[in-house]
Amino acid sequence: MDDANKQNQPRLHWKFPEAAKFGRVIPKEKLYSQAGANAELKQLFVEQVAQIKWAYKLAEGTINLTKTEQVHELEVIHIKLKAQTLDEKILIAIDKAIPHPTLFMLTRDVKYGDIIEGNKGEVAKEANTSEQEIAYQAAHKLKTTTQSNKEKWQQSAYLKSQWLVPSSQHAALLPAATSLESLYNQLLEALIPLGLQGVHDLQEPKSAYVHTKSQQKKRSLEDKLADLAAIEALNKQIKKTKAKRDNEKQFNLKRELNDQFKTLKKQLAALYGV
């Protein structure tokens, strides 16, 4: 992910209710079995994951919010990382094993290195201190039913928050909600990249600010996720077109590819509402 996209990620730090604390370690072997993990996926778990814990169970009996057909309970899964990054294949595997909506709380060690010079600058050493960072990831999980009346889960791409040191930001209480589904949707809304809360439709002409603002309030979570998927697809197309343009030697074809590149960039700007 490029630096611009990282900057668009929200800074979040939530405080979960003590009544919902669960604190049960989930053995990796159990996830391997339930997710049908192959050797490559198991190796990712070994290299990148130190521990997986079922940290909180947000349910009717723990936080006094009504369950719905879509959301019976919401699981907060704490993943302690060994590495600095986490492959999304790991999250997909865990989501496959858990038949409920999930919110992943990721933590990792962050090290700050300081170079300490000797009296004449001849000797230098690195002084490291270790501190924890936290970030959240989640996909919108939607329960559907197959023709054979079996339960099936579909999910969106993963939404992410920025990494931050918990002491750098006050922990916020969970948003007020009338049901578990309402809470889940609000947590996902909070994870949507900054500046994309009210993106425009490609065919929608720009209108006065007040009119646009009123329209943005009516946009559903599904609409916003669909726009994010369209943005991701356009970004891939732009990257591919740019590479072809830059490598093209024939002037006429290069100009044609450049026109395509500009058109795609305009479409992307329209989705961002610029």
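Coordinates for the structure precede this section.
Rules of the game
- Residues numbered from 1 in each chain as written.
- Predicted model: local features only at pLDDT ≥ 70, side-chain atom pairs only at ≥ 80, totals over all residues.
- Heavy atoms only, no water.
- Axes fitted to C-alpha atoms, helices over the stretch in contact; angles between N-to-C directions.
- Helix = DSSP H or I, 4+ residues; strand = E, 2+ residues; numbered from the N terminus.
- Parallel < 35°, antiparallel > 145°, perpendicular 65-115°, else oblique.
- Contact = heavy atoms within 4.5 Å.
- Nonpolar A, V, L, I, M, F, W, Y, C, P; charged D, E, K, R; others polar.
- Salt bridge = Lys/Arg side-chain N within 4 Å of Asp/Glu carboxyl O.
- Buried < 20%, exposed > 50% of the residue type's maximum accessible area, 1.4 Å probe, protein only.
- Core = buried A, V, L, I, M, F, W, Y, C linked by side-chain atoms within 4.5 Å.
- Expected span 1.5 Å × (residues − 1).
- Arc of directions from axis to C-beta.

1. Some points on the packing of helix 2 (residues 28–35) against helix 5 (residues 88–97)
Line of reasoning, step 1. Running from amino to carboxyl end, helix 2 crosses helix 5 at an angle of 75°, the nearest separation of the two axes being 8 Å. The angle between helix 2 and helix 5 places the two elements in the roughly perpendicular class. Across the interface between the two elements, Leu31, Gln34 and Ala35 from helix 2 touch Ala93, Ile94, Lys96 and Ala97 from helix 5.
Line of reasoning, step 2. Here the residues of the contact of helix 2 with helix 5 sort into five nonpolar, one polar and one charged.

2. Section: the pattern of salt bridges
Line of reasoning, step 1. Inspection of every chain in the model, using the stated rule, returns 11 salt bridges.
Line of reasoning, step 2. Note that Glu88 and Lys160 form a salt bridge whose closest N and O atoms lie 3.4 Å from each other. In this pair, Glu88 sits in helix 5 while Lys160 sits in strand 9 (residues 159–160), placing the two residues 72 residues apart along the sequence.
Line of reasoning, step 3. Salt-bridge contacts for Asp95 lead to Lys141; the nearest nitrogen and oxygen are separated by 3.2 Å. Here Asp95, found in helix 5, pairs with Lys141, found in strand 7 (residues 141–145); they are 46 residues apart in sequence, far enough to count as distant.
Line of reasoning, step 4. Judged by relative accessible area, Asp95 falls into the buried class, the value being 3%.
Line of reasoning, step 5. For Lys141, a relative accessible area of 2% corresponds to the buried category.

3. Here we look at the packing of helix 3 (residues 39–48) against helix 5
Line of reasoning, step 1. One way to put it is that helix 3 packs onto helix 5 with a least axis distance of 10 Å and a crossing angle of 110°. If you check the angle between helix 3 and helix 5, you find them roughly perpendicular. Across from Glu40, Leu41, Leu44, Phe45 and Gln48 in helix 3, the residues of helix 5 making contact are Lys89, Ile90, Ala93 and Ile94.
Line of reasoning, step 2. Of the residues that constitute the contact of helix 3 with helix 5, the class distribution is six nonpolar, one polar and two charged.

4. Digging into the nonpolar core
Line of reasoning, step 1. Counting residues in hydrophobic clusters, the biggest one holds 30 residues, and the most contacted among them are Trp14, Phe16, Leu58, Leu103, Met105 and Tyr136.
Line of reasoning, step 2. Sorting the residues of this core by element identifies strand 3 (49–59), strand 4 (73–81), strand 5 (102–117), strand 6 (124–138), helix 6 (180–191) and helix 8 (221–247) as the ones contributing at least two each.
Line of reasoning, step 3. If one sorts the elements of this core by residue count, helix 6 sits on top with six residues.
Line of reasoning, step 4. With residues near it in sequence (within four places) discarded, Leu103 still touches Trp14, Phe16, Leu74, Glu75, Val76, Ile77, Tyr136, Gln137, Ala138, Leu187 and Leu191.
Line of reasoning, step 5. In this structure, Leu31, Phe45, Ile52 and Ile79 belong to the second largest nonpolar core, which totals 24 residues.

5. Remarks on unusual backbone geometry
Line of reasoning, step 1. For Asn64, which is not a glycine, the phi torsion comes out positive at approximately 60°.
Line of reasoning, step 2. Among the secondary structure elements, Asn64 is positioned in the loop between helix 4 (60–63) and strand 4.
Line of reasoning, step 3. Note on Asn64: relative accessible area 69%, which makes it exposed.
Line of reasoning, step 4. Backbone geometry at Asn149 places phi at a positive 65°, although glycine is not the residue there.
Line of reasoning, step 5. Secondary-structure assignment places Asn149 in the loop between strand 7 and strand 8 (151–155).
Line of reasoning, step 6. Residue classification places Asn149 among the exposed residues on the basis of a relative accessible area of 64%.

6. A short note on helix 8
Line of reasoning, step 1. Under the 1.5 Å per step criterion, the end-to-end length of helix 8 is 39 Å for 27 residues, consistent within 8% with the ideal 39 Å.
Line of reasoning, step 2. Residues of helix 8 that are buried: Leu221, Lys224, Leu225, Asp227, Leu228, Ile231, Leu234, Ile238, Thr241 and Arg245.

7. Concerning helix 6
Line of reasoning, step 1. Under the 1.5 Å per step criterion, the end-to-end length of helix 6 is 17 Å for 12 residues, consistent within 8% with the ideal 16 Å.
Line of reasoning, step 2. By the burial criterion, the buried members of helix 6 are Leu180, Leu183, Tyr184, Leu187, Leu188 and Leu191. Take helix 6 and look down its axis: the buried residues cluster within an arc of 135°, on one side only.

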